[in-house]
Every structure is written in structure tokens, then in C-alpha cells.
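# Structural overview
Given next are the chains, with one letter for each unit.
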Amino acid sequence: MDAIQLELCKDLEHISQRKKKQNIILFFGRDTFSDNSKYLYLYMQAHCKAFQVIWCSTCAPLIQQLRQHDLPCFLMTEDEKATHSLFLEAAIAVFCINPLEVTRGNLTPLACLKGAMSLQLWHGVGLKRLDLALTAHMDVANIVQSKSLAMVSSSDYYLSPSKIVDAGWHEFFGARRLLRAGYPRNEVLLREATPHEMIGSALHPTVEQGLYQSPNKKILLAPTHEKNAGLNNKDMLAAILVYCKQRNINVFVKRHPFVQPKGEVESQIGNLFNIPSGLDIYPHLKQFDALVTDYSSIVFDYLLVDKPVISVEAKDSARFGYSLVPGGDSFSYMFNIENLPTVFDTALENDHKSTERKTLKNIMFSSNNQRANEEITQKILAAWKKRESNAYKIELV
């Protein structure tokens, strides 16, 4: 970014902070319709009639998909002037990933949002230390890394589902103000998804048949994005597939959203079913008999369905590890290649860790998980109303 662009961003930030806002709430997320932003957007779009609730994206296919369902949306790359105009007028901006990711590194739209009240939902409680906690391992003099850190730590409010998460969000994001509520996406683990919530969740017909119609047990493999680690180890994956084939178990693999296949991937190969990395799996999550993972944040959300969690044994580090979790790995069945058959047999046929899972669930999610969207909406609108009432003051000189 050159000096002129940096000056422009400074000017836009100033203008945004001084400009009177309209009743506009902008939502941002991944290049697919998924994650926490999706569910809160749909709730607020249906219930907040006093506001324009708009999904914003740089991904044209996603915007086309939403338009086909008559959902309010905006393509950020279509008209730069229109983007700046809309963003300068927005009252509230809601994110679930780093804001710099949603603009593909473009700082000017974010500068236009500087005066909006911002909420970071994030995409789950993980087993990883993040961002500001890792500056010692980063080149903070690199403008790309410094801007990424600045943007992810810039929100006014951060959603935190429990007290145990608060300190982490303060360490990772520098969070000063926390909004206590459950995760929007977890509601569909406890109820049926609405038709709009199924947008972005459509399974390939062979995958849907394998999950909903097959009499076999079904397990979901959810690896993190770290290369050659955990479930991304080819030998480990092969051992799991052999075990499941011998016992007529259907295996579903859902890669991390960061992991994109280089070519077309078969939806089914024998008892192995591939689910696209960008697909929203949450409306289907309760259908699986067990979750197999390494360090994916989905492990905590899955506690809400009280089914076995099976985890790859891996050495804890400064960044990863069950040592960061109250009670350690006691809620999960830990396995390696050597003990895989025995551990999987126990988890799938003689599960005895329900008490540990429920204990950890109550620690990680202290709010009402069935009313997360409603509670977030009430709290963020109350915060906006309070902010507006203090927008200016009269001083007699």
C-alpha cells in the first residue's frame, strides 16, 4: 500500500467516525454461506425490521446464491464508490473472521467502517493460541502481518460464550468489551434448521444418502488446517479408513475451510464420503455417531449433542493442546495408530464419557445455547442505542 492510499484510509476513518449513521447492519463472513455470521444475519434479517440487514461479500457466486433466495446482500467488488457510501453509513458491522480476510486485504472498505460499532463473533473456541498471543513468533514489522493483527484486534465487542473463554479473547484479540451469549451456529444442533439456514448446507446426493439413509454407523472426521498434523497425516487417515471398512462404518471427511482441494474430489469412494470444505456442516452435525478430530474448534460445539469425541494423540505445544482445556482430554477418547481399533471400539460401542462431556459443555457454554441469536440481537442493539444516546454532548462556553 502506497503513501497516498494510507492517507486516504486515514481520511475515510475520520469521516466515518464523524458521520451520522443510518439503521444499517452489515454482516461479513467466508466465501460460502456458513458459520456464526450466517445464523445471526438470518435471525436479525427476520426480526430487526427497523434496520437494513445486509450480507456483504467479495464472492460473486455467494451473492448470486443469496439473491436467488431474495436475501439482502451486497457485492463489494462491483462498485467501489457504492461500497464506500454504504460502509460509511452503516451503524453496525458483524464479523466472524479477521476483517482483513473479508476484504481480501483491501483497507479502504474497513476504513469506511471505522465509525460503525463492530462485533466479532469469531468462528469457535479452539485448542489454539492466536494472533496477539503469538507476536513473538511473527514478523510484526511486516505490513501484512501488522495489519492483520491490527484488524483482528479492532472490534468494539467480542462474543464470548463463557467465563473460561474471556481471558483467551483478551490475550488473543486484546478484547476489552465482551458480549456473553452462545454461538449462533450452535442453535441448529438443538433444533431443526429453517429453510434459509439450509442455504450453503446442501450435501451431494450420494453423501446425503450415506448420512441419512444408510443403516451403518457414521463418523465425521474434522481435521484442522495444519499440514501433516493430526488427521492430515496420510498414515493416520488410512488406518481409520481400514478400521471403518472392516466394520461397515461410513466415514465423512470435512476439511477445514482454509484447505481447498487442487482438483475435483469424488463425493464417495467406497465407505468414504467427502464433504466440501466450505459447506456449512452444522445442520447435519447431530446426525453423526461420533466426531474424530485433532485440534478443530468443532470439538467443543459437538459437546452439545453428547456423542463420543475421538481425538488424535498429539504433543501439546505453545500453540496447541488439550492442556488449555479444563480437565484436559478427559472428555475425549485419545488414540494413535497402534491403539486405534481398541479406542474406536470403546467409543462407538461402550461410550462411558457422557458425564465428562456434559461437565465440559457447561464450562465452555454458560449461556442459553437455544436462544443465542435472540440474546446477541438484544444485547448488540442495546449497546448501539446507548452509544447513540451519547453520540454528542452540548457544552456551554
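As a starting point, this report considers the structure included with it. (Residues numbered from 1 in each chain as written. Predicted model: local features only at pLDDT ≥ 70, side-chain atom pairs only at ≥ 80, totals over all residues. Heavy atoms only, no water.)

## Remarks on the sheet that holds strand S12 (residues 290-293)
The strand order S10-S11-S9-S8-S12-S13-S14 describes an open sheet built from seven strands, whose pairing is mixed. The open sheet terminates on both sides in strands that have one partner only, identified here as strand S10 (268-269) and strand S14 (333-335). Strands in contact with helix H12 (residues 340-349) are strand S8 (217-222), strand S9 (249-254), S12, strand S13 (309-312) and S14; relative to S14, the strand with the most contacts, it is inclined by about 160°. (Pairing = 2+ DSSP bridges. Helix = DSSP H or I, 4+ residues; strand = E, 2+ residues; numbered from the N terminus. Contact = heavy atoms within 4.5 Å. Axes fitted to C-alpha atoms, helices over the stretch in contact; angles between N-to-C directions.)

## Considering H12
Of all the residues in H12, the buried ones are Leu340, Val343, Phe344, Ala347 and Leu348. Along H12, the residues classed as buried sweep out an arc of 115° about the axis, all on the same side. Among the exposed residues of H12, those oriented more than 90 degrees off its buried face are Thr342 and Glu349. (Buried < 20%, exposed > 50% of the residue type's maximum accessible area, 1.4 Å probe, protein only. Arc of directions from axis to C-beta.)

## With respect to the state of the cysteines
This model, assessed by the stated rule, comprises zero disulfides. Cysteine 56 supplies the cysteine sulfur nearest to cysteine 48, a cysteine that is in no disulfide, at a spacing of 16 Å. Lacking any disulfide linkage, cysteine 96 is separated from the closest cysteine sulfur, that of cysteine 56, by 13 Å. (Disulfide = S-S within 2.5 Å.)

## Details of the packing of helix H2 (residues 35-47) against helix H14 (residues 372-389)
Between H2 and H14, the least distance of the axes is 10 Å, while the angle of their chain directions is 70°. It follows from the interaxial angle that H2 and H14 lie roughly perpendicular. Two secondary-structure elements touch here, H2 through Tyr39, Leu40, Tyr43 and Met44 and H14 through Asn373, Glu374, Ile376, Thr377, Ile380 and Leu381. The class makeup of the residues in the contact of H2 with H14 is seven nonpolar, two polar and one charged. (Parallel < 35°, antiparallel > 145°, perpendicular 65-115°, else oblique. Nonpolar A, V, L, I, M, F, W, Y, C, P; charged D, E, K, R; others polar.)

## A look at the nonpolar core
Residues Leu26, Phe28, Leu113, Trp169 and Phe300 are the most contacted members of the largest nonpolar core, which totals 105 residues. For leucine 113, the residues in contact, after removing those within four places along its chain, are Ser16, Leu26, Phe28, Phe87, Ala90, Ala93 and Phe95. Among the nonpolar cores identified, the runner-up in size contains 23 residues, and Leu221, Leu231, Val251 and Tyr333 belong to it. (Core = buried A, V, L, I, M, F, W, Y, C linked by side-chain atoms within 4.5 Å.)

## A closer look at the packing of aromatic side chains
Within the structure shown, the criterion is met by 17 aromatic pairs. Each ring, one from tyrosine 183 and one from phenylalanine 365, has its centre 6.3 Å from the other, and the planes form 75°; the classification is edge-to-face. Of this pair, tyrosine 183 sits in the loop between strand S7 (178-180) and helix H9 (205-212) while phenylalanine 365 is found in the loop between helix H13 (354-364) and H14, placing the two residues 182 residues apart along the sequence. Of the two residues, tyrosine 183 and phenylalanine 365, neither departs from the other in class, the shared state being buried. Here the guanidinium or amino end of arginine 177 rests over the ring plane of tyrosine 157, the centre of that ring lying 4.8 Å away. (Phe/Tyr/Trp six-rings, centres within 6.5 Å; stacked < 30°, edge-to-face > 60°. Lys NZ or Arg CZ within 6 Å of the ring centre and 35° of its normal.)

## Details of the packing of helix H10 (residues 234-246) against H12
The axes of two packed helices give the description: the angle between them and the distance between them. Close contact between H10 and H12 brings their axes to 11 Å; oriented N to C, the two are set at 55°. Classified by the angle their axes make, H10 and H12 are oblique. Relative to H12, H10 is oriented so that their crossing is right-handed. In contact with Met236, Ala239, Ile240 and Tyr243 of H10, H12 contributes Leu340, Pro341, Phe344, Asp345 and Leu348. Residue composition of the contact of H10 with H12, grouped by class: eight nonpolar, no polar and one charged. (Left-handed = near helix turned anticlockwise from the far one by under 90°.)

## What to know about H13
All of the buried residues along H13 are Arg357, Leu360 and Met364. The arc enclosing the buried residues of H13, seen along the axis, measures out at 70°, which places them on a common side. The inward-facing, buried residues of H13 abut helix H8 (163-173), helix H11 (298-301), S13 and S14.

## A closer look at the side chain of serine 367
Examined against the element boundaries, serine 367 turns out to sit in the loop between H13 and H14. The residues contacting serine 367, other than those within four sequence positions of it, are Pro161, Arg180, Ala181, Gly182 and Glu375.

## Thoughts on the pairing of strand S2 (residues 52-57)
Among the six residues that make up S2, five are buried, leaving the element largely enclosed by the rest of the structure. Between the parallel pair strand S1 (residues 24-28) and S2, the chain is carried across by H2, and the sense of this crossover is right-handed. Of the strand pairs in this sheet, S2 and strand S3 (residues 73-75) are connected by three bridges, and their pairing is parallel. Paired with tryptophan 55 across the strands is cysteine 73, a residue of S3. (Right-handed = clockwise from strand over helix to strand, strands pointing away.)

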